[in-house]
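# Descriptive analysis of the structure
Letter by letter, the chains look like this.
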Amino acid sequence: MENIYSFIAFILLSGMVLGSALLVVTLKNLVHSVLWLIVTFIGVAGIFLLLNADFVAAVQVLVYAGAVCIMIAFGVMLVQRIDMANSNPVNWRFKIAAPLVGGLFIVIGLLTARAQWVVAGQEVPEKTVQNLAPILMQDFVIPFEVAAILLTVALTGSLVLVKEVKANGDRS
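We now turn to the structure provided with this report. The shown structure was predicted, so the numbers you read here are calculated from the model rather than taken from an experiment.

With that out of the way, let us pick up the overall build of the chain. A count of helical and extended segments in the chain gives 6 helices and 0 strands. Reading the chain from its N end, one meets helices and strands in the order α-α-α-α-α-α. For the chain, the proportion of its 172 residues judged to be buried stands at 13%. Summarising the internal contacts of the chain: among those between residues at least 6 apart in sequence, 64% fall at separations of at least 24. In the structure as shown, the chain presents an accessible area of about 13,500 Å², 72% of it carried by carbon and sulfur atoms.

Okay, structure coming up:
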C-alpha cells in the first residue's frame, strides 16, 4: 500500500510544481511570480523527500526557497517601480517560446515512455546526512566557506547599489 500513496504524493507534487512554475512565467506581477517560485522550490523539495534524499530536500528549501527567493524579493522591493502590477509583462518572445516548449514537452514525454528503465541494484541508505557531513566539513570546507563569503558579498553589494540609486534619485 505504500507504493500507491507514494505515487499519489508524486502526482500531487508534480502537479504543484508544474502549475506553480507555469504561474511563475505567466503572471504579470513580479512579486507574485517570486512567491510562486518559492512554491515551486518547495514542491521540488517534496519530490526529493519521496526519493529519500532528505539532505537535498533540506538544502532545496534552505538555499533556493529561502535564500535565493528572499534575495529576489528584497531586490524587487528595494527597486522603486511606479506600476508594480505590470512589472513582468509578456513580450513577443512568448509566442515563439510557447510552441517550442510544448513540442519539447511532447518529445521528452515520448522518449520517456519508450525508455527502458532499470531498477537500481541497491537500496537508498537510510542515513544520508551522516555520510555527507564529514565530506562537506572536512574535504570541501574551503569551497563551502568561499560560497558563503561570495553570497554575503553579493548581498552587500546589491544593497549598496540600491542605496546609491535611492540617494541619487532615479538613474533613467
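Additional details are given in the paragraphs that follow.
Our next topic: the environment of Gly-43. Tracing the backbone through its elements, the reader meets Gly-43 in helix H2 (residues 30-50). On the accessibility criterion, Gly-43 (0% relative accessible area) is buried. Measuring from C-alpha to C-alpha, the distance between Gly-43 and Gln-60 comes to 9.7 Å, with 17 residues separating the pair along the chain. Residue contacts for Gly-43: discarding those within four places in its chain leaves Leu-13, Met-16 and Val-17.

Turning our eyes to something else, we now look at the packing of aromatic side chains. Tallied over the full model, the rule gives 1 aromatic pair. Between Phe-41 and Tyr-64 the ring centres are 5.3 Å apart and the planes differ by 45°, which places this aromatic pair in the tilted class. Of this pair, Phe-41 sits in helix H2 while Tyr-64 is found in helix H3 (residues 54-78), placing the two residues 23 residues apart along the sequence. In this structure Phe-41 comes out as buried when scored by relative accessible area, which is 16%.

Moving on, we come to the environment of Gly-66. Tracing the sequence through the fold places Gly-66 in helix H3. Each C-alpha atom, one on Gly-66 and one on Ile-38, is 7.8 Å from the other, the two residues being 28 residues apart in sequence.

On to the nonpolar core. Soluble globular proteins tend to bury their nonpolar side chains together. Residues Val-34, Ile-38, Phe-41, Ala-65 and Cys-69 constitute the largest nonpolar core, which totals 5 residues. Listed by contribution, the elements that provide at least two residues to this core are H2 and H3. With 3 residues, the top contributor of residues to this core is H2. Not counting the four nearest positions on each side in its chain, Ile-38 is found in contact with Ala-65 and Cys-69.

The first and last C-alpha atoms of H2 sit 31 Å apart over 21 residues, in line with the 30 Å expected at 1.5 Å per residue. Burial in H2 covers these residues: Ser-33, Val-34, Ile-38, Thr-40, Phe-41, Gly-43, Ala-45, Gly-46 and Ile-47. Backbone geometry just after H2 places Asn-52 at a positive phi near 60°.

It is worth spelling out unusual backbone geometry at this point. The phi torsion at Asn-52 lies on the positive side, around 60°, for a residue other than glycine. Considering the arrangement of structural elements, one finds Asn-52 in the loop between H2 and H3.

This part is about a nonpolar patch on the surface. There is a patch of nonpolar side chains on the surface, built from Ile-4, Tyr-5, Phe-7, Ile-8, Phe-10, Ile-11, Leu-12 and Leu-50 and spanning about 800 Å² of accessible area. The element best represented in the nonpolar patch is helix H1 (residues 2-26), accounting for 7 residues. Checked against the element boundaries, Ile-11 lands in helix H1.

Moving on, we come to the side chain of Gln-60. Its location among the elements puts Gln-60 in helix H3. The exposure class of Gln-60 is buried, given its relative accessible area of 9%. With residues near it in sequence (within four places) discarded, Gln-60 still touches Phe-41, Val-44, Ala-45, Phe-48 and Ala-65.

Conventions used here
- Residues numbered from 1 in each chain as written.
- Predicted model: local features only at pLDDT ≥ 70, side-chain atom pairs only at ≥ 80, totals over all residues.
- Heavy atoms only, no water.
- Helix = DSSP H or I, 4+ residues; strand = E, 2+ residues; numbered from the N terminus.
- Buried < 20%, exposed > 50% of the residue type's maximum accessible area, 1.4 Å probe, protein only.
- Contact = heavy atoms within 4.5 Å.
- Areas by Shrake-Rupley, 256 points an atom, 1.4 Å probe, with all protein chains shown as cover.
- Phe/Tyr/Trp six-rings, centres within 6.5 Å; stacked < 30°, edge-to-face > 60°.
- Core = buried A, V, L, I, M, F, W, Y, C linked by side-chain atoms within 4.5 Å.
- Expected span 1.5 Å × (residues − 1).
- Patch = residues over 30% accessible without salt bridge, like charges linked within 9 Å, V, L, I, M, F, W, Y side chains within 5 Å.
- Salt bridge = Lys/Arg side-chain N within 4 Å of Asp/Glu carboxyl O.

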